[in-house]
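Chain by chain, the residues run as shown.
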Amino acid sequence: MRLCFLVEEQYRHDGMPRDVIAQLRAWGHQVDVEWPGRSMIRMSELSEVVAAGRHDAWVLKTVSGGPGLTLLEAAATTGLTTVNDVRAIRGVRDKALAAVLARTGGLPVPMTYAAARAAEFAAVPEAEYPLVVKPADGSSGRAVRLVERPEQLTAGGVATSDGGGMLIAQPYVPNSGTDLKVYCVAGELYATERCSPLHPDQAIPERQVPLPAEVARIATEVGAVFGLDLYGVDVLLGPEGPVVVDINDFPSFRQVPDAVARVSAAVLRLARRGTACAPAGTLPFIGHQRGPWPAAEAVGGAR
């Protein structure tokens, strides 16, 4: 197949996607790499490039707010297959939007508040404290803060958005100090346990763990609600049951057995499946566009 990976500078030396690209090339596939952060793109000619059939699919590995998503969306409007589906990526990149979509889809997510300034969260009922405050466009646990009292909202160190966008706040979910990260590779689920960014004092090595059946069900529902095929879900095991506190498209897949081969094979399956379907044409969010994958087997916030 002919694939193009859009890779932001932050992931230039990351195993995801560097090792996946190498694996696909070793299997004999053509893989080009574009660097949206340091390339000039002839946007007006993009439809002609897609129509010429230079690539079967584009794959995005980018930071939230990076230029790659705009390029991917533009290509998708001309009929190019994207991995993940570009509408699904858009749905999870904005955590405020993701909270609405998740709750509408019946997923267990905390009550979510959004504001442009942290000080506005002083209007949240005091019974909801402590709050977890983070940028709506954040990733990798960046700038996640636990706010015990309203007066701390104006103190230094509270989350800010790099692009001046929205912040979100959610009531803290009491937990053991560990996050359960569930990775989905085109229907196959894997779970890892790791230290929460809110509890850095917990000396917990990241490791693969068994995946509870209820969490597996929720993680599968996340894919159906958002239309994702390659994704990660952060889950806290709270006093009232599992709670979804974050969703990521194309994560690191750390601790997933044979992750490079599994993700590479999934990219190929998704690209082939996409090229067999009619192009979307427009980009309303409509959930999963290519039909559900078979039920996954378990193998193995806010934050």
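None of these values were measured; they are calculated from a predicted model. (Residues numbered from 1 in each chain as written. Predicted model: local features only at pLDDT ≥ 70, side-chain atom pairs only at ≥ 80, totals over all residues. Heavy atoms only, no water.)

Draft legend 1. Highlighting helix α1 (residues 15–26). Helix length check: α1, at 12 residues, gives a terminal C-alpha distance of 15 Å against a target of 16 Å (1.5 Å per residue), a fit within 8%. Of the positions making up α1, those classed as buried are Met-16, Pro-17, Val-20, Ile-21 and Leu-24. The arc that holds every buried residue of α1, seen down its axis, measures 120°, which confines them to one face. One side-chain oxygen at the N-terminal end of α1 lies 2.9 Å from the backbone nitrogen of Met-16; it belongs to Asp-14. (Helix = DSSP H or I, 4+ residues; strand = E, 2+ residues; numbered from the N terminus. Expected span 1.5 Å × (residues − 1). Buried < 20%, exposed > 50% of the residue type's maximum accessible area, 1.4 Å probe, protein only. Arc of directions from axis to C-beta. Polar contact = N/O pair within 3.5 Å; in protein donor to acceptor, adjacent residues only side chain to side chain.)

Draft legend 2. Inspection of the pattern of salt bridges at higher detail. Across all of its chains, the model carries 15 salt bridges by this definition. In this structure, Asp-32 engages Arg-54 in a salt bridge whose closest nitrogen and oxygen atoms are separated by 3.9 Å. Of this pair, Asp-32 sits in strand β2 (residues 30–34) while Arg-54 sits in the loop between α2 (46–51) and β3 (57–61), placing them 22 residues apart in sequence. Here Arg-87 makes a salt bridge to Asp-85, at a shortest N to O gap of 3.2 Å. Each member of the salt-bridge network shares a partner with another, and the members are Lys-181, Arg-194 and Asp-234. (Salt bridge = Lys/Arg side-chain N within 4 Å of Asp/Glu carboxyl O.)

Draft legend 3. Summary view of the nonpolar core. One finds Phe-5, Leu-24, Leu-230, Phe-253 and Val-263 to be the most contacted residues of the largest nonpolar core, which totals 29 residues. Counting residues per element, the ones that place at least two in this core are β1 (2–7), α1, β3, β9 (178–185) and α7 (259–275). Residue contributions to this core peak at seven residues, all from α7. Listed in part, the 27 residues of the second largest apolar core include Leu-101, Leu-211, Ala-216 and Val-233. (Core = buried A, V, L, I, M, F, W, Y, C linked by side-chain atoms within 4.5 Å.)

Draft legend 4. Here's a closer look at helix α5 (residues 95–104). If you check which residues of α5 are buried, you get Lys-95, Ala-96, Ala-98, Ala-99, Leu-101 and Ala-102. For α5, the capping residue at the N-terminal end is Asp-94, with a side-chain oxygen 3.0 Å from the backbone nitrogen of Ala-96. At the C-terminal side of α5, Gly-106 shows a positive phi close to 80°.

Draft legend 5. Inspection of the packing of aromatic side chains at higher detail. Taken as a whole and assessed by the stated rule, the structure comprises two aromatic pairs. A ring pair is formed by Phe-250 and Phe-253, whose centres lie 6.1 Å apart and whose planes are at 70°; its orientation type is edge-to-face. Lying over the aromatic face of Trp-35, Arg-12 brings its terminal NZ or CZ to 4.6 Å of the ring centre. Lying across the ring of Tyr-11, Lys-61 places its NZ or CZ 4.4 Å from the centre. (Phe/Tyr/Trp six-rings, centres within 6.5 Å; stacked < 30°, edge-to-face > 60°. Lys NZ or Arg CZ within 6 Å of the ring centre and 35° of its normal.)

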